[in-house]
Amino acid sequence: MMGPAGQWVLLAYRIPRQPSTLRITIWRKLDRLGVARLGDGLVALPADARTREQIDWIAEEIGEMGGSTTVWLAAAGSAAQEKAIATEMRTARAAEYRAVLEQAEAAAQARPGERSRALKRLQAELRRIGRRDYFPPAEREAAQRAVRALADTGSDTGAGVGEVAR
């Protein structure tokens, strides 16, 4: 999902220290986007129209809070640097997918009503993770299989989701 020639959209920002709720709001929004944190007040995403627009919105919001921002389109200085950033992002998504897999396995043992609620929650979580998954890890498919298996268990208790997902 990388932009042309490994381009990245970077956001350099400064947010007033007080009130801290403004800083926390921005950090959470950046986390939901799945940014790579390159330094204090510097984040990056693979450049495409969607990520550029999302970064621009956050930059505008920071400006409205009294902060300052600069948005850049850039390329990594080396293939190794770009690979390191991509690996960091992939590792973060892998941990999120493993959590979904574990929750799906646990939900497979639950009563039907609880299983149904867990299924809806996990399907929504997969969609949220997918929106910030720029470099899909192997765990992605395992988590998707586990959630599909949970959906397929329906009213039967089935053999455990873990066997299907491995």
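Note that this is a predicted model, so its numbers are computed, not measured. (Residues numbered from 1 in each chain as written. Predicted model: local features only at pLDDT ≥ 70, side-chain atom pairs only at ≥ 80, totals over all residues. Heavy atoms only, no water.)

Trainee: An account of the side chain of Arg 115 is requested, with residue identities and associated values reported.
Mentor: Within the fold, Arg 115 resides in helix H4 (residues 112-131). Here the side chain of Arg 115 touches Thr 153 through a polar contact of 3.4 Å, side chain to side chain. (Helix = DSSP H or I, 4+ residues; strand = E, 2+ residues; numbered from the N terminus. Polar contact = N/O pair within 3.5 Å; in protein donor to acceptor, adjacent residues only side chain to side chain.)

Trainee: Kindly report on the side chain of Asp 133, identifying the contributing residues and their values.
Mentor: Note on placement: Asp 133 falls in the loop between H4 and helix H5 (139-153). Judged by relative accessible area, Asp 133 falls into the buried class, the value being 4%. Setting aside residues no more than four positions away along its own chain, Asp 133 makes contact with Arg 93, Tyr 97 and Arg 140. (Buried < 20%, exposed > 50% of the residue type's maximum accessible area, 1.4 Å probe, protein only. Contact = heavy atoms within 4.5 Å.)

Trainee: With reference to specific residues and values, describe helix H1 (residues 20-33).
Mentor: The terminal C-alpha atoms of H1 lie 20 Å apart, and with 14 residues this matches the ideal 20 Å at 1.5 Å per residue to within 8%. Those residues of H1 not exposed but buried are Arg 23, Ile 26, Leu 30 and Leu 33. Down the axis of H1, the buried side of the element spans an arc of 85°, and every buried residue falls inside it. Among the exposed residues of H1, those pointing more than 90 degrees away from its buried face are Thr 21, Arg 28 and Arg 32. Here the buried face of H1 lies against strand E1 (7-14), strand E2 (36-39), strand E3 (42-46) and helix H2 (49-64). In the stretch just after H1, Gly 34 is the one whose phi turns positive, near 80°. (Expected span 1.5 Å × (residues − 1). Arc of directions from axis to C-beta.)

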